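Spelled out from the first residue to the last, the chains are:
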Amino acid sequence: DTAVSQTPKYLVTQMGNDKSIKCEQNLGHDTMYWYKQDSKKFLKIMFSYNNKELIINETVPNRFSPKSPDKAHLNLHINSLELGDSAVYFCASSQYSSGRLYEQYFGPGTRLTVT
Amino acid sequence: KQEVTQIPAALSVPEGENLVLNCSFTDSAIYNLQWFRQDPGKGLTSLLLIQSSQREQTSGRLNASLDKSSGRSTLYIAASQPGDSATYLCAVAMNTGFQKLVFGTGTRLLVSP
């Protein structure tokens, strides 16, 4: 049973296009995240949602717009794609309760290539 | 600003060796520290999580220690196996707000048979 799933796994598109990545978790967690892993394998947080509310937004260009329709889903829409957006995007989830952050569970990643 | 560094960047050992991976962080005000492994082309798998009040955590052949005051954590792998080959990442959760994870630069481990 997949805990955190992402679609698509691979995405190849041209500059200027708009694309979306979807994430779903079946762990019952209340917090979800988007991370970007660049070509040097460095992983950095982009956004986090807790109970559908945006709680972390890390100076990401406003071409990136996350949306959380419910606690189990977090989507990432990217407008006007640029070459520098090429990376692997990971979704993750965790439980955050009583001021405690528990382990984060990661999806398999979406490899985005912008040509 | 929290910075997390991992040394060495790459490590190659023969099967059966015990090894230590290092993680250092600049701001000791952390909530917890998590060790992950990442296989090529795959997502991250959580290995161990140490709360800031703890000194170590163990799971099977893995033992992670935390010295918050000196800003260091180590991951000890006993009797390494080829299946341990992967990139190992440490990440600290800051003790502010919603405790986002700040990741280290990773150690790429290769265990040869």
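Calculation criteria
- Residues numbered from 1 in each chain as written.
- Chains lettered and ligands numbered in written order.
- Predicted model: local features only at pLDDT ≥ 70, side-chain atom pairs only at ≥ 80, totals over all residues.
- Heavy atoms only, no water.
- Helix = DSSP H or I, 4+ residues; strand = E, 2+ residues; numbered from the N terminus.
- Rg over C-alpha atoms; globule rule 2.2 N^0.38 Å.
- Buried < 20%, exposed > 50% of the residue type's maximum accessible area, 1.4 Å probe, protein only.
- Contact = heavy atoms within 4.5 Å.
- Areas by Shrake-Rupley, 256 points an atom, 1.4 Å probe, with all protein chains shown as cover.
- Lys, Arg positive; Asp, Glu negative; His and termini not counted.
- Charge placed at Lys NZ, Arg CZ, Asp CG, Glu CD.
- Disulfide = S-S within 2.5 Å.
- Salt bridge = Lys/Arg side-chain N within 4 Å of Asp/Glu carboxyl O.
- Polar contact = N/O pair within 3.5 Å; in protein donor to acceptor, adjacent residues only side chain to side chain.
- Pairing = 2+ DSSP bridges.

A. Seen up close, the overall build of chain A. When helices and strands are counted, chain A shows zero helices and 13 strands. Starting at the N terminus, the α and β elements of chain A follow one another as β-β-β-β-β-β-β-β-β-β-β-β-β. The globule rule puts the C-alpha radius of gyration for 115 residues at 13 Å, and the 14 Å found for chain A is close to it. Put simply, chain A has 115 residues, and 43% of those count as buried. Put simply, 55% of the contacts in chain A that link residues at least 6 apart link residues at least 24 apart. For chain A, the accessible surface area stands at approximately 5700 Å², while carbon and sulfur atoms represent 48% of it. Side chains of chain A give 13 positive and 11 negative charges; the mean places of these two sets differ by 5 Å.

B. Representation of the state of the cysteines in the model. Residues and elements named next belong to chain A. Within the structure shown, the criterion is met by two disulfides over all chains. Each sulfur in the disulfide pair Cys23 and Cys91 lies 1.9 Å from the other. Every disulfide takes its handedness from the sign of the S-S torsion; for Cys23 and Cys91 that torsion is -75°, giving left-handed. You can see Cys23 sitting in strand E3 (residues 19–25) and its partner Cys91 sitting in strand E9 (residues 87–94), a full 68 residues away along the chain.

C. View of the interface of chain B and chain A. Each partner contributes to the interface: chain B provides 20 residues, whereas chain A provides 21 residues. For the pair chain B and chain A, the number of links is zero salt bridges. Inspection of the region where chain B meets chain A yields two residue pairs in polar contact (both at pLDDT 80 or more). Of all the elements, strand E4 (residues 30–38) of chain B adds the most residues to the side of chain B that touches chain A, at five residues.

D. Summary view of the pairing of strand E5 (residues 43–50) of chain A. Residue and element names in this part refer to chain A. With seven of eight residues buried, E5 lies mostly within the body of the structure. By the bridge criterion, seven bridges tie strand E4 (residues 31–37) to E5 in an arrangement that is antiparallel. Paired with Gln37 across the strands is Leu43, a residue of E5. Joining the antiparallel neighbours E4 and E5 is a turn of five residues, in which Lys41 adopts a positive phi near 70°. Pairing between E5 and strand E6 (residues 53–57): four bridges, direction antiparallel. By the bridge assignment for E6, Phe47 is matched with Asn57.

E. Geometry of the side chain of Ser48 of chain A. Residues and elements named next belong to chain A. Note that Ser48 resides in strand E5. Overall, the relative accessible area of 0% leaves Ser48 in the buried class. A polar contact of 3.3 Å, which involves the side chain of Ser48, links it to the backbone oxygen of Met32. Aside from chain neighbours lying at most four places away, what touches Ser48 is Thr31, Met32, Tyr33, Glu53, Leu54, Ile55 and Ile56.

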